[in-house]
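Listed below are the residues making up each chain.
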Amino acid sequence: MRKWDVIIIETLSRIVSVEAESGEEAKEIVDTRYEQCEIMLNADDHILTEITAEHEGICPLCGAEITYSGNNIIDNNGGIFPWECPACGAHGNESYSHKFSGHLYIKKGKKCTHVYGS
């Protein structure tokens, strides 16, 4: 039996209307109001929850075993290991910080028709 790292990502979103001379000014107004806690997102602003399970050596999109390119970057803090999935064509990097810590820069391949676990 494998130990899986399960990641929960919640996305909150709200449209805020302000009067301004330009889009840049409007963004600055909202940014300032947000930083000063005049605008606070809450459960009513929830639009998406993503839950994914990851395991080293396993494609996070289709669940097949991945292959490594060998162009690894390793230092005292851990390493980055480029990979490709022969089953779905996805590719990305595994990240290690003295232990597996997740997949990074995932690109969905042309052969990928579904997402593992969905």
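Anyway, here's the lowdown on the structure attached to this text. Values in this document were obtained by computation on a predicted structure and should not be read as measured data.

Quick notes on the rules
- Residues numbered from 1 in each chain as written.
- Predicted model: local features only at pLDDT ≥ 70, side-chain atom pairs only at ≥ 80, totals over all residues.
- Heavy atoms only, no water.
- Helix = DSSP H or I, 4+ residues; strand = E, 2+ residues; numbered from the N terminus.
- Buried < 20%, exposed > 50% of the residue type's maximum accessible area, 1.4 Å probe, protein only.
- Contact = heavy atoms within 4.5 Å.
- Areas by Shrake-Rupley, 256 points an atom, 1.4 Å probe, with all protein chains shown as cover.
- Phe/Tyr/Trp six-rings, centres within 6.5 Å; stacked < 30°, edge-to-face > 60°.

1. Some thoughts on the overall build of the chain
Next, step 1: Broken down by element type, the chain carries one helix and seven strands.
Next, step 2: Sorting the 118 residues of the chain into buried and exposed places 26% on the buried side.
Next, step 3: Long-range contacts, defined as pairs at least 24 residues apart, comprise 46% of the intrachain contacts of the chain with a sequence gap of at least 6.
Next, step 4: Carbon together with sulfur atoms contributes 52% to the accessible area of the chain, which is approximately 8700 Å² in total.

2. Regarding the packing of aromatic side chains
Next, step 1: The full count for this structure, using the stated rule, is one aromatic pair.
Next, step 2: Ring centres of Phe81 and Tyr96 lie 5.1 Å apart, and the angle between their planes is 85°; on these two criteria the pair is classed as edge-to-face. Taken as a pair, Phe81 in strand S5 (residues 78–84) and Tyr96 in strand S6 (residues 91–96) lie far apart in primary sequence, 15 residues in all. Each member of the pair Phe81 and Tyr96 is classed as buried.

Distances and angles like these do not, on their own, reveal function.
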